[in-house]
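Descriptive structure summary
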Amino acid sequence: MAEEVKPALYIVPTPIGNMDDMTFRAIRILKSVNVIACEDTRVTGKLLFYYKINTPMISYHEHNEAQKTDFLVNEIFSGKSVALVSDAGTPLISDPGFPLVRKCREEGIDVIALPGASAFVTAISASGFPSHQFKFLGFVPNTKGRKKFMEALLQETGTLVMYESPNRVKRFLKDLNKMKEEDFKICLARELTKKFEEYIFDTIENIQTRLNDLTLKGEFVIIVDMNKK
Ligand code: SAM
């Protein structure tokens, strides 16, 4: 029997590129809740149109998280059910939502998370790099803290997974190559679940010579294999 939607916060993952990567449950929850809190109503609007979902949306993004958190918590207290989605993948994974979930937990509100798409899980599962244990580092910082991040990264061992924006992937690889003491393997997982999905494998040393030939467009997950051989 289908679960009844109750006054609670539902965390609902959405596709990272392929619109068909929604679960039946995710669609049903988005159809049944009172309101969907989303990063960008235009992006989520396309998903709702595709799945013929008519639930009202409210914007919830990194710039209004603080005000909207109290509003949404009050909505749930007044008996409403709220779904949180981000533009792509799992909310809170390098995406907004943390203040809202923390507040719900503090207030004793049920938080019900649905499993679904996330770029780093997709990438690691297909990389062929050791995956029993790995460390997810989120986004590589752009300016503040970048040097510290890179230095800390080089002290790590094991499999490291991170996100980087497309226009900064080359810079990241160059910096890493300059700073490293020994060579290690890299996997660039590009445009996952989309038409031009691609996994690029090489050593950090070799990737430098290939950089100009590589298409570094689209979205990337970077995986670094620093496992001791
Ligand atoms: N919440 C999302 C998740 O669960 O994966 C991540 C959102 S974060 C703002 C966006 C970053 O995720 C991109 O810059 C990229 O590093 C990664 N990403 C998202 N979709 C991707 C895809 N289809 N292929 C490769 N990387 C992707």
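Quick caveat, the model's predicted, so the values are computed rather than measured.

Turning to the pairing of strand 8 (residues 185-190), a few remarks are in order. A large share of strand 8 lies buried, amounting to five of its six residues. Relative to strand 9 (residues 198-203), strand 8 runs antiparallel, the two sharing six bridges. Of the residues in strand 9, the one forming a bridge with I186 is D202.

Right, let's talk about the domain arrangement of the protein for a bit. Taken domain by domain, the protein comprises domain 1 (9-113) and domain 2 (119-226). Look at where the C-alpha atoms of domain 1 and domain 2 centre, and you get two points 29 Å apart. Each partner contributes residues to the interface: domain 1 has six residues there, and domain 2 has 10 residues. For the pair domain 1 and domain 2, the summed buried surface comes to about 580 Å²; carbon and sulfur atoms form 64% of the total. It is I16, I93 and S94 in domain 1 that bury the most area against domain 2; as a group they hold 77% of the surface buried on that side. If you look at where domain 1 meets domain 2, you find zero salt bridges. Residues of the side of domain 1 that touches domain 2, tallied by class, amount to two nonpolar, three polar and one charged.

Among all positions in helix 1 (residues 24-32), only A26, I27, I29 and L30 are buried. In a view along the axis of helix 1, the buried residues occupy a sector of 165°, so they form one face of it. Where the residues of helix 1 are buried, they touch strand 1 (9-11), strand 2 (35-38), helix 2 (41-50) and strand 4 (82-84).

With that settled, the discussion passes to the side chain of T44. Structurally, T44 is set in helix 2. T44 has contacts with I36, C38, M57, V85 and S86, leaving out every residue within four places of it along the chain.

The next point concerns the packing of aromatic side chains. Throughout the structure, instances matching the rule amount to seven aromatic pairs. Pairing F120 with F136 gives two aromatic rings, centres 4.1 Å apart and planes at 15°, and the pair type is stacked. Here F120 is found in helix 5 (residues 119-127), whereas its partner F136 is found in strand 6 (residues 135-139), with 16 residues between them in sequence. When its relative accessible area of 27% is taken as the criterion, F136 is described as partly exposed.

Below, the discussion takes up the sheet that holds strand 2. Remark on secondary structure: sheet strands pair via backbone hydrogen bonds, oriented parallel or antiparallel. What the five strands build is an open sheet, ordered 3-2-4-1-5; its pairing is parallel. Each end of this open sheet is capped by a strand with a single partner; those strands are strand 3 (57-59) and strand 5 (111-113). Mean inter-strand twist for the sheet, computed between neighbouring axes without regard to direction, equals 25°. Across the sheet, helix 2 is in contact with strand 2 and strand 3; its angle to strand 3 comes to roughly 160°. Packed on one face of the sheet, helix 3 (residues 65-77) meets strand 1, strand 2, strand 3 and strand 4 and runs near 150° to strand 3.

Each value, and the rule that gives it
- Residues numbered from 1 in each chain as written.
- Predicted model: local features only at pLDDT ≥ 70, side-chain atom pairs only at ≥ 80, totals over all residues.
- Heavy atoms only, no water.
- Buried < 20%, exposed > 50% of the residue type's maximum accessible area, 1.4 Å probe, protein only.
- Helix = DSSP H or I, 4+ residues; strand = E, 2+ residues; numbered from the N terminus.
- Pairing = 2+ DSSP bridges.
- Domains from an automatic or database assignment.
- Contact = heavy atoms within 4.5 Å.
- Buried area = accessible area lost by both parts, 1.4 Å probe.
- Salt bridge = Lys/Arg side-chain N within 4 Å of Asp/Glu carboxyl O.
- Nonpolar A, V, L, I, M, F, W, Y, C, P; charged D, E, K, R; others polar.
- Arc of directions from axis to C-beta.
- Phe/Tyr/Trp six-rings, centres within 6.5 Å; stacked < 30°, edge-to-face > 60°.
- Axes fitted to C-alpha atoms, helices over the stretch in contact; angles between N-to-C directions.

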